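Structural description and commentary
Below, each chain spelled out in residue letters.
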Amino acid sequence: MADPIHQFQIQKVIDLPDVSLPVLGVVDLAITNSHIAMTAAFVVIVGFLAAVTSNAQVVPGRLQAAGEGLFGLIDNLADSIIGHEGRKYFPFVFTLFILILGMNILGLFLTFTATSQLAITVTFALITFGLVLVVGFAKNGLGFFKLFWPMGAPLALRPVVGLIEFVSFLLRPVTLALRLFGNMLGGHVALKIFAGFVVSLGLLGLGGGVGLLAFPVAALSLGMVVALTALEFLVAFLQAFVFAVLACIYLNDVVNLDHAH
Amino acid sequence: MASTHTNDALPASVEADLHAETATAAEHGSGGLPQFQFEHWAGQIGYLLILFVILYVLVSKVFAPRLRKVMDERADTISNAVATARQVQAEAAEQAAQAQAEVAKARADARAMAAAAKARVTEDANARQAAEEAVVNDRIAEAETAIGKTRDAAMANVATIASDAAAAMVERLTGKAATSAELATAKGAA
Amino acid sequence: MDAEAAKYIGAGLATLGMIGSALGVGNIFGQFLAGALRNPSAAAGQVGNLFVGAALAEALGILAFVLGILMIFG
């Protein structure tokens, strides 16, 4: 059976010379298949948004309705979770959402999924986490640490609950990154395994004799691949949506710190 | 089915493929998941950050304002249309009320005219009736006075006739003429 | 026992954690359905919360799955 992990292998397409940066050390600038997948997603997204907005009509066509649907989805999300300041953070959440969505969905068409690379999901998570920290300190100053001081808890329990809050706060980027990474990894591994079954069982069936029994199982595997692909489209959208929702919730924690606690 | 033939021919390429697969698998199998080959991280992260920033700027400066403008325009158009419709509706309601008022006024006029005509007719009729009645009453009164006169005359005649009759009866019964005083008492007693 | 065999057993044990996540996700959708049948008019507004809750519960199962994958291939 084909190796289900092979699809995640980074391959250099154009090898550029390494550069050594002062802090990061030696950085490999090579254009890899991951870069190509990211670029493809970026180009598709920009093309889509440009097509939606360049000739925007008051009465929308199909394409514009689709674009406005995504736009309105995130707009409502930011408004309902963050409140009246949500509009300020809308471009960030929308960029996050549509970039992840584009990479997830293109991963189902291309041979390489950018969001199944831990490096990519960690970057998304750290961007979100970093923005939460920046906004938190910029808006509240040192009052930001009130986030870890639960006013609702009894006084004796507050240090304990605060510690738990602090640890869970630090774990946010980890879970953000791992959720997206794990979903994409798991989905594509499962797809590849079932697709591999089709080939290997088909070969077994071609041997004739008792091996003919393998054909129905191969057909079953093929059906499974189709069903899983449909599921993966749902997951691709859902994970992007969940990432956006969680980014909104985390931003709301620090934007409306005084009202919430 | 020539199983030996297909066995030789078809899977040969696939087998080679499988060998290639296992070869690559062995190649990176020792390094674990490809995602944990950290030498590829910096390039991907840097590139993603660049893309993210470009897309963020595009969304916040171009796409979001454009779409928001269109959506605001649409909201304006819809609210304008609703306002216009509401205004037209109000106008129509006003006109309907006006028409209704006119109808009511016309009806009231007609009713008043009918009432006036009826009153006039009744008055005429009453007046005529009163006049007729007066004439009739006059005649009745005339007739009554005539009847009264006749009766008085008759009554006056009756007294003389009665005293005459009484004098005649007394004369026949007693053989002598009754005096007029006796006659008067008898007549009064009678 | 062979170290290779122990690796596979460990991976299998790690993925048992997905049972809990499956129970959690099933519970979320079941409760949502129960609530939605009781008050269908309020259901539409809670779909976002539903999916966020499901994703949060699912993340833990995914963690277990990633650990299992790491044990086999790591």
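Everything numeric in this text was worked out from a predicted model, so none of it was measured.

Conventions and cut-offs
Residues numbered from 1 in each chain as written. Chains lettered and ligands numbered in written order. Predicted model: local features only at pLDDT ≥ 70, side-chain atom pairs only at ≥ 80, totals over all residues. Helix = DSSP H or I, 4+ residues; strand = E, 2+ residues; numbered from the N terminus. Buried ≥ 20, exposed ≤ 12 C-beta atoms within 10 Å, placed from the backbone. Contact = placed C-beta atoms within 7 Å. Rg over C-alpha atoms; globule rule 2.2 N^0.38 Å. Nonpolar A, V, L, I, M, F, W, Y, C, P; charged D, E, K, R; others polar. Core = buried A, V, L, I, M, F, W, Y, C linked by C-beta atoms within 7 Å. Axes fitted to C-alpha atoms, helices over the stretch in contact; angles between N-to-C directions. Left-handed = near helix turned anticlockwise from the far one by under 90°. UniProt positions renumbered as here; feature names shortened; annotations may be inferred. Parallel < 35°, antiparallel > 145°, perpendicular 65-115°, else oblique. pLDDT = per-residue confidence, 0-100.

Quick notes on the overall build of chain A
In terms of helices and strands, chain A carries seven helices and four strands. Listed by position from the N terminus, the elements making up chain A come as β-β-β-β-α-α-α-α-α-α-α. Taken along the three principal axes of its C-alpha coordinates, chain A extends 75 × 55 × 45 Å. Counting over 261 residues, chain A shows a buried share of 39%. Considering only intrachain contacts with a sequence separation of at least 6, the fraction spanning at least 24 residues in chain A is 64%.

Details of the overall build of chain C
Helix and strand counts for chain C stand at four helices and zero strands. Computed over the C-alpha atoms, the radius of gyration of chain C is 17 Å, more than 25% above the 11 Å expected from 2.2 N^0.38 for a compact globule of 74 residues. Burial status across chain C gives 19% buried among its 74 residues. Long-range pairs, those at least 24 residues apart, make up 89% of the contacts in chain C with a sequence separation of at least 6.

Concerning the interface of chain B and chain A
Listed by partner, the interface residues are 40 residues for chain B and 41 residues for chain A. Those elements that place two or more of their residues in the side of chain B that touches chain A are helix 1 (3–29) and helix 2 (41–174) of chain B. In terms of residues, the side of chain B that touches chain A owes the most to one element, helix 2 of chain B, which gives 23 residues. Here the side of chain B that touches chain A is composed, by residue class, of 23 nonpolar, 12 polar and five charged.

Description of the environment of N126(B)
Residue and element names in this part refer to chain B. Following the sequence through the fold, N126 ends up in helix 2. With 10 C-beta atoms counted inside 10 Å, the residue N126 sits in the exposed group. Measuring from C-alpha to C-alpha, the distance between N126 and V70 comes to 82 Å, with 56 residues separating the pair along the chain.

Things to note about the nonpolar core
Core analysis: the largest hydrophobic core is formed by 82 residues, its most contacted members being V93(A), F97(A), F243(A) and A244(A). Elements represented by at least two residues in this core include exactly helix 1 (33–54), helix 2 (62–82), helix 3 (86–109), helix 4 (118–140), helix 5 (158–206) and helix 6 (214–255) of chain A, helix 2 of chain B together with helix 4 (47–73) of chain C. Element by element, the count of residues in this core is highest for helix 6 of chain A, at 15 residues. Aside from chain neighbours lying at most four places away, what touches V93(A) is I74(A), A78(A), A244(A), A247(A) and C248(A).

Regarding the packing of helix 4 of chain A against helix 5 of chain A
Residue and element names in this part refer to chain A. Orientation of helix 4 relative to helix 5, taken along the N-to-C sense of each, is 145°, at an axis distance of 8 Å. Note on packing geometry: the crossing formed by helix 4 with helix 5 is right-handed. Residues L118, T121, V122, A125, L126, T128 and F129 of helix 4 form the contact with helix 5, whose participating residues are R172, P173, L176, A177, L180 and F181. The class makeup of the residues in the contact of helix 4 with helix 5 is 10 nonpolar, two polar and one charged.

Structural notes on the UniProt feature "transmembrane region" (unreviewed entry) in chain A
Residue and element names in this part refer to chain A. Look at the UniProt record and you will see "transmembrane region" (unreviewed entry) annotated at residues 30–52, 89–112, 118–138, 193–215 and 222–252. Measuring from the first to the last C-alpha atom of residues 89–112 gives 31 Å, for a span that is 88% helix and 0% strand. Structurally, residues 222–252 comprises 100% helix and 0% strand, and the distance from its first C-alpha atom to its last is 44 Å.

What to know about the environment of S54(A)
Turning to its location among the elements, S54(A) is positioned in helix 1. Put simply, S54(A) and Q64(A) are 10 residues apart on the chain and 9.8 Å apart in space, counted from C-alpha to C-alpha.

Describing the packing of helix 5 of chain A against helix 4 of chain C
In the contact formed by helix 5 of chain A and helix 4 of chain C, the axes pass within 8 Å of each other and the chain directions differ by 65°. The angle between helix 5 of chain A and helix 4 of chain C places the two elements in the roughly perpendicular class. In the packing of helix 5 of chain A onto helix 4 of chain C, the handedness of the crossing is left-handed. Where helix 5 of chain A abuts helix 4 of chain C, its residues T175(A), L178(A), R179(A), G182(A), N183(A), L185(A) and G186(A) lie against A55(C), A59(C), I62(C), L63(C), F65(C), V66(C) and I69(C). Its residues assigned to classes, the contact of helix 5 of chain A with helix 4 of chain C shows nine nonpolar, four polar and one charged.

Focus on the confidence of the model for chain A
The predicted model of chain A has a mean per-residue pLDDT of 87, with 96% of residues at 70 or higher. Confidence scores differ between elements of chain A, with strand 3 (residues 25–27) of chain A showing the lowest mean pLDDT of 69 and helix 3 of chain A the highest of 93.

Some thoughts on the environment of R87(A)
One can find R87(A) in helix 3. The exposure class assigned to R87(A) is partly exposed, which follows from the 14 C-beta atoms found within 10 Å.

Things to note about the confidence of the model for chain C
A low pLDDT means the predicted coordinates there should not be read in detail. Residue and element names in this part refer to chain C. Model confidence for chain C is summarised by a mean pLDDT of 88, while 99% of its residues fall at 70 or above. The weakest mean pLDDT in chain C belongs to helix 4 at 84; the strongest belongs to helix 2 (residues 17–38) at 94. Scoring the predicted complex yields pTM 0.72 and, for the interface, ipTM 0.88.

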